[in-house]
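Summary of the model geometry
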Amino acid sequence: MANPVSHVGYRAIRFVQELGSIAAFTVDIARTALTPPVRFAAFVRELHKLGVRSLLIICVCGLAVGMVLGLQGHHTLVRFGAQRSLGAVVGLSLIRELGPVLTALLVAGRAGSATAAEIGSMVVTEQLNGLRMLSIDPVSLVIKPKAAAMLVVTPLLTALFIACGLYGGYLVGVGLLAGDPGSYMSSLRSAVNFHNDIECCMLKSAVFGLLLGLIATYRGYTSAPTAEGVSAATTSSVVISSVTVLLTDYVITALWGI
Amino acid sequence: MAEKSDSTLQVTGSRPVVPLIPANNYISLDRVRMVYENRCVFDSLSCGFPRGRVSVVLGGSGSGKSTILRLIGGLIRPLAGVVTVDGQNVGRLSYHGLNVLRRKLGMVFQGGALLDSYTVFENVALPLREQRLQSEREIAGAVHEILSAVGVSDADDLLPGELSGGMLRRVALARAIIRKPEVLLCDEPFSGLDPISIRRMEALLVQINREFGMTMIVVSHDIPSTMRMADHVLLLLGARIWEGSPAEMRRSDDAEAAEFFRDGPERLQPQGKS
Amino acid sequence: MDRSPLRDFFVGLFVLAGVAAIAYLSISIGSFSWHGHTGLKLSAAFDETGELAVRAPVVIAGVQVGEVSAIALDDDFRGRVEMDLDPTLKLPTDTSASIVTAGVLGDRYIELQPGADEKLLKSGDRIAFTESAIVLERLIGQLLYGTTKGKPTENSAIPAATAPARTP
């Protein structure tokens, strides 16, 4: 573009247009979510694709993160003679931050990109146009089950991630570093409070799930009808999801503390 | 969005070889302008498609043939001009209005556009299931009836990816006509098929037109088949359009048109023999 | 879109596992209680609450029976602590409450010593006997100022037993 100023202006206008477009898309999904048909079978199928297929990666990563927390936590706490609080350290780190955020990032990378790619390829092969010509709303048939499944899957996977992480911390703290199993669990129990920690964690993962569902489906739906367009949609879905999750994490953490 | 300087096409309206009788036109485009990616596809296109007849749209690649079908189906809106279907201005319809209009239309896309994670049966049953007016048993009966009418059998549980090109097209056709629409729009139904399959498809389309009285608009590259089946021909060549019956088109004394019919659509621009 | 009962089964397992994990985290680790706000509500006034925080545990004989629900300033400038306790507790009216610290540098919590009276405390009652928090800095200050004068003063918080004994 010859004129950088007009280019910036163009970009700014396009950005605002995109926001409006995303908002309209969200309203559209909300509208179809509240109207029948329920499309339960498609929803279950998506739960399988997005949830069950992600189980392995979530559990392995959860275990690994828990083990690292156990290791690092132990080395730091030992300096203050506070090894007995390892359970609390691992638990609070996982429940408050690492569980919801890391799970959301993993889900964005695996399930989110798969969803964006699938919807994008449906755009390329005109399947969505085909539906429109049959008087069928593609948002209702295709998008709604996927977005709803993302919303439900994320908190469930977060809880499993945290459970595996706690076990990983236990393996390292008690099994490897010969800590006391009783104090691991009791420090964990006494440090974790339902309202402050668990509720916040579940709220975060639910919000993340909602955002991931919206972003992945939106990027797929609006992808350019070319192979390059689908690839761009898939990668931008992951990037935008990741950034959004991290920023939202800050907002929720700050607000929850008030 | 349209940059005139990029347009290599000049305007013109239609140049009918025979005068049209507008009242007979079930579907018409009036001075429609479409631009695609800064390229002006057509500038002031006016044409019509008579009710109950097989109309064929011919032309080189990129001449905007598929665009016409999409305009009629309401998938894209014209920048200027009016697209009319059965008296309704398609560009002005609300989302709900479009859905109602589309019940009268059936469209077969170039690649079939079947949902690739649904089986053949589920794909063809989909429009009926979504209407929720019939029981599962009735739907199954209708699906099998229409599949055998298009010559597809024992394919219920196959996925679209497992079908041959010809079968895929026929299943897409079945899906498009299962609701007995008044208009059938076909985008390149013959492309990529072997000569035998082309003949079969041609016979099928003609049969559908005769049996149901469906208005058909077929966009195609293939001259022999389309000229055989057409009642009405539209030729988009360069920036100009010719309309008329097949006989008139062949006899046309216009040099470009004659060249097209003689040499085929591989030539995008009429610029001397290659 | 084939309907596979096997796949549905796995999805069901997945959902169950996730819900079980959430329940485990909430109940076992997070000590989610079903009582809500129908517990035994008592209050107590202290001269010094130290760093006692809302949600700090209330403990009897080392067992947690409730938590601090609010801390506010009284009319006569004492710290009034509201407590939310297990509704099945039967505490006599001469129960005392003291603010203690977990370890030397740990968090503060409230310890209740049940009394011997026949009458029981009801929701809304006030615990009459309280022992304030020990603030470490004050303790050290008293110790320092107490001994620089050469001998322990009456204000010294250190019990006499720890003063150097002068027995002939």
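From a predicted model like this one, the values you see are computed outputs, not experimental measurements.

With that settled, consider the pattern of salt bridges. Oppositely charged side chains are able to pair whenever their charged atoms sit close together. For the structure on display, the rule yields 26 salt bridges over all chains. Via salt bridges that share partners, E46, K49, E118 and K146 of chain A belong to a single interconnected network.

Listed per partner, the contact involves 17 residues of chain A and 23 residues of chain B. Summed over both partners, the interface of chain A with chain B buries about 1800 Å², with 57% contributed by carbon and sulfur atoms. The largest share of the area that chain A buries against chain B comes from Q127, M133 and L134 of chain A, three residues that together contribute 37% of it. The tally of links between chain A and chain B comes to two salt bridges. Ionic pairing is found between R70 of chain B and E126 of chain A, a salt bridge with its closest N-O pair at 2.8 Å. At the junction of chain A with chain B, the criterion picks out seven residue pairs in polar contact (both at pLDDT 80 or more). Ranked by the residues each element gives to the side of chain A that touches chain B, the list is headed by helix α5 (residues 127–133) of chain A, at six residues. Its residues assigned to classes, the side of chain A that touches chain B comprises seven nonpolar, five polar and five charged.

All names here are of chain B. In the sheet, strand β1 (residues 25–36) pairs with strand β4 (residues 80–85) via five bridges, with the strands oriented antiparallel. By the bridge assignment, I27 is partnered in β4 with V85. Judged from the two bridges that link them, β4 and strand β5 (residues 88–89) form a sheet pairing that is antiparallel. When the bridges of β5 are listed, T84 appears paired with N89.

Right, let's talk about the domain arrangement of chain A for a bit. All names here are of chain A. Domains assigned within chain A are domain 1 (1–35) and domain 2 (39–256). Taken residue by residue, the interface counts eleven residues in domain 1 and nine residues in domain 2. Together domain 1 and domain 2 conceal approximately 850 Å² of surface at their shared face, both sides included; 71% is due to carbon and sulfur atoms. Here domain 1 is connected to domain 2 by one salt bridge. Linking domain 1 to domain 2 there are three residue pairs in polar contact (both at pLDDT 80 or more). The class makeup of the residues in the side of domain 1 that touches domain 2 is four nonpolar, four polar and three charged.

Conventions we followed
Residues numbered from 1 in each chain as written. Chains lettered and ligands numbered in written order. Predicted model: local features only at pLDDT ≥ 70, side-chain atom pairs only at ≥ 80, totals over all residues. Heavy atoms only, no water. Salt bridge = Lys/Arg side-chain N within 4 Å of Asp/Glu carboxyl O. Contact = heavy atoms within 4.5 Å. Buried area = accessible area lost by both parts, 1.4 Å probe. Polar contact = N/O pair within 3.5 Å; in protein donor to acceptor, adjacent residues only side chain to side chain. Helix = DSSP H or I, 4+ residues; strand = E, 2+ residues; numbered from the N terminus. Nonpolar A, V, L, I, M, F, W, Y, C, P; charged D, E, K, R; others polar. Pairing = 2+ DSSP bridges. Domains from an automatic or database assignment.

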